[in-house]
Amino acid sequence: MRPETEADLAEMIAAAKGPLHVQGGGTRSVGQPVTGDVVRTAGLTGITLYEPGALTLVVRAGTPLAEVEAALESEGQRLPFEPMDHRGLLGTGGTPTIGGVVATNASGPRRIQVGACRDFMLGVRFVDGQGTIVKNGGRVMKNVTGYDLVKLLSGSWGTLGVLSEVSLKVLPKPASAATLILSGLDIGQAVTVMSHALGSPYEVSGAAHVPAAGQTLLRIEGFAKSVAYRAGKIRQMFTQHDVAVVDDAAAVTEIWTGIRDVAPLQDRPGDVWRISVKPSDAVQVAAQLNAEALLLDWGGGLIWARMPEGTDLRARLGGIAGHATLVRGSDASRAALPVFHPEPAPLARISAGLRARFDPRGILNPGLMAG
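Every chain begins its residue count from 1, and numbering advances along the sequence as written. Local features in this predicted model are restricted to residues whose pLDDT is 70 or higher, and side-chain atom pairs enter the listing and the counts only when it is 80 or higher, whereas totals over whole chains, interfaces and linings include all residues. Only hydrogens and water are removed before side-chain values are computed, so all heavy atoms of the structure are retained for them.

A. Expanded view of the overall build of the chain. Going along the chain from the N terminus, every DSSP run of H or I of four or more residues is numbered as a helix, and every run of E of two or more is numbered as a strand. The secondary structure content of the chain amounts to 13 helices and 17 strands. Each principal axis of the C-alpha distribution contributes one length, and for the chain these read about 65 × 50 × 35 Å. Any residue under 20% of the maximum accessible area for its type is buried, any over 50% is exposed, and the rest in between are partly exposed; the area is computed with a 1.4 Å probe on protein chains only. Taken across its 371 residues, the chain has 52% of its residues classed as buried. Here, residues are in contact when the closest pair of their heavy atoms is within 4.5 Å. In the chain, the proportion of contacts linking residues at least 24 apart, taken out of those at least 6 apart, comes to 71%. A total accessible area of about 15,900 Å² is found for the chain, and carbon and sulfur atoms account for 53% of it. Surface accessibility in these figures is a Shrake-Rupley result with a 1.4 Å probe; residues are shielded only by whichever protein chains are displayed.

B. Region of the structure containing the pattern of salt bridges. Any carboxyl oxygen of Asp or Glu that lies within 4 Å of a side-chain nitrogen of Lys or Arg is treated as forming a salt bridge with it. Applying the stated criterion to the full structure yields 11 salt bridges. The partner of Arg-110 in a salt bridge is Glu-82, and the shortest N-O contact between them spans 3.5 Å. Placement of the pair is Arg-110 in the loop between α4 (98-104) and α5 (111-114) and Glu-82 in the loop between β5 (77-78) and α3 (87-90), with a sequence separation of 28 residues. The exposure class assigned to Arg-110 is buried, which follows from its relative accessible area of 5%. Salt bridges sharing partners connect three or more residues here, namely Arg-78, Glu-82, Arg-110, Arg-219 and Glu-221.

C. Quick peek at the pairing of strand β12 (residues 215-222). Taking burial as the measure, the eight residues of β12 include seven buried ones, the bulk of the element. When strand β10 (residues 176-183) meets β12, the two strands line up antiparallel, connected through eight bridges. Each bridged residue has a counterpart across the sheet, and for Ile-181 the counterpart in β12 is Leu-217. A pair of strands is treated as paired once DSSP finds two or more bridges between them. Where strand β11 (residues 204-210) and β12 come together, six bridges link them in antiparallel fashion. Residue pairing across strands places Val-210 opposite Gln-215, the latter belonging to β12.

D. Representation of helix α9 (residues 249-260) in the model. Expected span, for any helix, means 1.5 Å times one less than how many residues it has. Look at α9: 16 Å from first C-alpha to last across 12 residues, which is about the 16 Å you get at 1.5 Å a residue. Those residues of α9 that sit buried are Val-252, Trp-256, Gly-258, Ile-259 and Arg-260. Contact partners of the buried residues in α9: β10, β11, β12, β13 (242-246) and β15 (293-297). Just beyond α9, the residue with positive phi is Val-262, at close to 55°.

E. Examining the side chain of Ser-333 more closely. Secondary-structure assignment places Ser-333 in helix α12 (residues 331-336). Looking at Ser-333, the relative accessible area reads 1%, which means it is buried.

F. Quick peek at the packing of helix α7 (residues 187-198) against helix α10 (residues 282-289). Lines are fitted to the C-alpha atoms to define the axes, a helix being fitted only along its stretch in contact, and any angle between axes, read from their N-to-C directions, falls within 0 to 180 degrees. Orientation of α7 relative to α10, taken along the N-to-C sense of each, is 155°, at an axis distance of 9 Å. For the element pair α7 / α10, the angle class is roughly antiparallel. The two elements α7 and α10 meet at a crossing, and its hand is right-handed. Every residue of α10 that contacts α7 at Ile-187, Gly-188 and Val-191 is listed here: Ala-282, Val-283 and Ala-286. Along the lines of polarity and charge, the residues of the contact of α7 with α10 split into five nonpolar, one polar and no charged. By the definition adopted for this analysis, an angle is roughly parallel if under 35 degrees, roughly antiparallel if over 145, roughly perpendicular if from 65 to 115, and oblique otherwise. Here a crossing is taken to be left-handed if its near helix is turned anticlockwise relative to the far helix by less than a right angle, and right-handed if that turn runs clockwise. Residue polarity is assigned by list, with Asp, Glu, Lys and Arg as charged and Ala, Val, Leu, Ile, Met, Phe, Trp, Tyr, Cys and Pro as nonpolar; anything else, Gly included, falls into the polar class.

G. Quick look at the sheet that holds strand β7 (residues 133-137). Read from one edge to the other, the open sheet built from five strands follows the order β3-β4-β8-β6-β7, with strand pairing classed as antiparallel. Sheet topology places β3 (47-51) and β7 at the edges, where each strand pairs with a single neighbour. Between one strand axis and the next, the sheet turns through 10° on average, direction left out of account. Examined bridge by bridge, strand β6 (residues 121-127) and strand β8 (residues 162-169) share six bridges and lie antiparallel to one another.

H. Summary view of the nonpolar core. By nonpolar core we mean a set of buried residues, namely Ala, Val, Leu, Ile, Met, Phe, Trp, Tyr and Cys, connected to one another through side-chain atoms within 4.5 Å. Counting 38 residues, the largest nonpolar core has Leu-218, Ile-275 and Leu-313 as its most contacted members. Top element by residues in this core is α7. It accounts for six residues. The contact partners of Leu-218, leaving out residues within four places of it in the chain, are Ala-178, Thr-179, Leu-180, Leu-182, Val-193, Met-194, Ala-197, Gly-206, Ala-207, Ile-234, Phe-238 and Trp-256. Among the nonpolar cores identified, the runner-up in size contains 29 residues, and Ala-61, Phe-120, Leu-163 and Leu-168 belong to it.

I. View of the pairing of β11. Buried residues dominate β11, accounting for seven of its seven residues. Between β11 and β12, which pair antiparallel and follow one another directly, the connecting turn spans four residues, one of which, Gly-214, has a positive phi of 65°.

J. Looking closely at unusual backbone geometry. Despite not being glycine, Glu-82 shows a phi value in the positive range, around 60°. Positive phi outside glycine occurs at Trp-157, with the angle close to 55°. Within the fold, Trp-157 resides in the loop between α6 (149-153) and β8.

K. The environment of Arg-328, seen in detail. Relative to the elements of secondary structure, Arg-328 occurs in strand β17 (residues 322-328). Classification of Arg-328 by relative accessible area gives buried; the value is 15%. When the C-alpha positions of Arg-328 and Gly-91 are compared, they lie 9.5 Å apart, and in sequence the two are 237 residues distant. Ignoring sequence-local partners within four residues, the contact set of Arg-328 consists of Leu-89, Leu-90, Leu-265, Arg-268, Pro-269, Gly-270, Asp-271, Val-272 and Arg-306. Any pair of N or O atoms that falls within 3.5 Å is considered a polar contact. Within protein, one atom must be able to donate a hydrogen and the other to accept it, and sequence-neighbouring residues count only if both atoms are side-chain atoms. Here the side chain of Arg-328 touches Leu-89 through a polar contact of 3.0 Å, landing on its backbone oxygen.

L. Quick peek at the packing of aromatic side chains. Think of it this way: a Phe, Tyr or Trp ring, Trp meaning its six-membered ring, pairs with another when their centres are within 6.5 Å, and the plane angle makes it stacked under 30 degrees, edge-to-face over 60, tilted otherwise. Evaluation of the coordinates by the stated rule reveals three aromatic pairs. One Lys or Arg, Arg-219, reaches over the ring of Trp-256 and ends 4.7 Å from the middle of that ring. In this scheme, the term charge over a ring applies when either NZ of a lysine or CZ of an arginine sits within 6 Å of the ring centre and within 35 degrees of the ring normal.

Okay, structure coming up:
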């Protein structure tokens, strides 16, 4: 099923006799099969409102992400939360859509500075599991409309409703950027460096560590003179280390696109996990995982790990607080391990209650837990 309008979508969901598998552009997989008739939102396309002066964008959920980014680029603006493209890691095709970005709360390296996708949501329109069209939020940055369904739908993976339109706050694209590369650090040293840089007054917008390359990366963005000044100050903070500065725009973009899309873990077999922990726990997590490959982002608060197929990574985390998601897994791994981290009982009851309220028939992406 491929609805072309919101009314079509509502009619299809209301008439459904069984489970529905909601898809946008088909680029993201949560690692386990979802049963039911496929509902593709890729027919719900088009930018319905873009006001660069007000930093607001309203767009239908099936609109390709590339189309959204091109429109913003033409006005010197961007989606500040830097959504990941999962295709390289998952080996999928398709076209990323803005609805898929919102439904998965896809957020990249800049989240450490500006926040996640849900933090830039102004409003949503969606169809719930009974076929009812629901609107929440608005088209401006200041609105009070009761329950904050905007944030609730962000990261719900289509289990509460099928997005038809989203309203977003956008930001100007910075004039310049630079990346400081520190070489030869182990994970402990890298976490210390990233923590100090993020705690400095120099507005670091990216902090990552690639163990395989032996590189720790720090990104600075803004006006050219400010970027040069802040990069110099950060370099002075770490004179005991080998520090190089990359300030070519294309090279900086390539570096952080690779971090955003987890390039170091692509093109090799194995299960890939996404782990969210306190940055101060990153060293212990890395030691306990004994992973085949790692990538640290968000100053060590986000860890990507490639593990042998079937490994119960959560069992290796012990008592470390956080959560782990199986992003890419073999058939055996998907059959044996839940994709999303099991929720504590009180939170699980709240989640189940929300799904029962928005999808009482249990037909929207059944089997998936909200991310």
